[in-house]
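Structure at a glance
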Amino acid sequence: MSGTDGTVTTVSSNGVYAFTKPNRESVTLLAGLGVEGDVHAGVTVRHRSRMAKDPTAPNLRQVHLIHAELLDEVADSGFDVPPGALGENITTRGIDLLGLPTGTRLRLGADAVVEVTGLRNPCAQIDGYRHGLLKQVLGRDEDGRLVRKAGIMGIVLTGGVVRPGDPIAVDLPPEPHRPLEKV
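What comes next concerns the included structure. Here the residue numbers are simple positions, counted from 1 along each chain's written sequence. A pLDDT threshold of at least 70 governs which residues receive local features in this predicted model, and a stricter bar of 80 or more applies before side-chain atom pairs are shown or counted, although totals over entire chains, interfaces and linings include all residues. Heavy atoms from the whole structure form the basis of all side-chain values; hydrogens and water molecules are not counted.

This part is about the environment of Ile 90. Every helix listed is a DSSP run of H or I at least four residues long, and every strand listed is a run of E at least two residues long, numbered separately from the N terminus. Tracing the sequence through the fold places Ile 90 in strand 6 (residues 90–93). Classification of residues uses two cut-offs on accessible area relative to the type maximum, computed with a 1.4 Å probe and protein chains only: under 20% is buried, over 50% is exposed, and between them is partly exposed. In this structure Ile 90 comes out as buried when scored by relative accessible area, which is 0%. Sequence separation between Ile 90 and Thr 10 is 80 residues; the distance between their C-alpha atoms is 5.9 Å. Two residues qualify as a contact provided that any one of their heavy atoms is within 4.5 Å of a heavy atom in the partner residue. Residues within four places of Ile 90 in sequence aside, it is in contact with Val 8, Thr 10, Val 11, Leu 29, Val 63, His 64, Leu 65, Ile 66, Leu 108 and Val 162.

Pasting the structure below:
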């Protein structure tokens, strides 16, 4: 893939630990850290459950991206889930985020580059937000394997401002591609 492959629809951040993130006019991505002012920004892990296990582990979850198509899908099942509600920083449209290989680079807007590190592992907090929603963002494939649909995580390689309407270009890593795993 190359060129413009998708679009940023919404950007969100929150400076305090909360499940949802308010929508913003823009977010600034900081190389090696994440979203400026977001509670999950940092060189080392910032998610509470991961900090409890190893606070020195590298932060592979600096930016959470989710595809607007998932929000459309859960809406079809009766769940009203606006952008930012699942804690994502960037909502996209037009890219099969879950189908990207590990190491894919997403060029967002004029300057920012995010490297995809893996899948978000949805947790029970999703059901706290909307009862029954967790089952909508987890599924099973034809072989019975768990399918995580709640977006992807990445690290910021190059900083920059990202706004709704910005183009997203997808740069795949060299083959062989490694499928995304939970991070």
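It is worth spelling out the pattern of salt bridges at this point. A side chain of one charge can pair with a side chain of the opposite charge if their charged atoms are brought near each other. We define a salt bridge as a contact between a side-chain nitrogen of Lys or Arg and a carboxyl oxygen of Asp or Glu at a distance within 4 Å. In total, this model carries seven salt bridges according to the counting rule given. For Lys 149, the salt bridge identified is with Glu 73, shortest N-O distance 2.9 Å. Note that Lys 149 is positioned in the loop between strand 10 (146–148) and strand 11 (152–158) and Glu 73 in helix 2 (residues 68–76), a separation of 76 residues in sequence. Of the residues examined, Glu 73 reaches a relative accessible area of 35% and is grouped as partly exposed.

So, about the packing of aromatic side chains. Note on aromatic pairs: the rings of Phe, Tyr and Trp (six-membered ring only in Trp) are paired at centre separations within 6.5 Å, and the planes decide the class, stacked below 30 degrees, edge-to-face beyond 60, tilted for the rest. The final tally for this structure, using the stated rule, is one aromatic pair. On the basis of an interplanar angle of 35 degrees and a centroid distance of 6.0 Å, the ring pair of Phe 19 and Tyr 129 is categorised as tilted. One end of the pair, Phe 19, is in the loop between strand 1 (6–12) and strand 2 (23–24); the other, Tyr 129, is in helix 3 (residues 125–129), and 110 residues separate them in sequence. Given the relative accessible area of 18%, Phe 19 is considered buried. Any Lys NZ or Arg CZ found within 6 Å of a ring centre and within 35 degrees of that ring's normal is scored as a charge over the ring. Taking the ring centre of Tyr 129 as reference, the NZ or CZ of Arg 130 above it sits at 4.2 Å.

All right, on to unusual backbone geometry then. Cis rather than trans, the peptide bond between Glu 175 and Pro 176 has omega equal to 5 degrees. Here Pro 176 is to be found in the segment after strand 13 (167–171).

Below, the discussion takes up the pairing of strand 3 (residues 27–30). Covered by surrounding structure in strand 3 are Val 27 and Leu 29 only, the residues Thr 28 and Leu 30 on the alternate face being uncovered. A pair of strands is treated as paired once DSSP finds two or more bridges between them. In this sheet, strand 4 (residues 34–35) lies alongside strand 3 in antiparallel orientation, the contact comprising two bridges. Of the residues in strand 4, the one forming a bridge with Leu 29 is Val 35. Linking strand 3 to strand 4, which pair antiparallel, is a turn of three residues; within it Gly 32 sits at a positive phi near 75 degrees.

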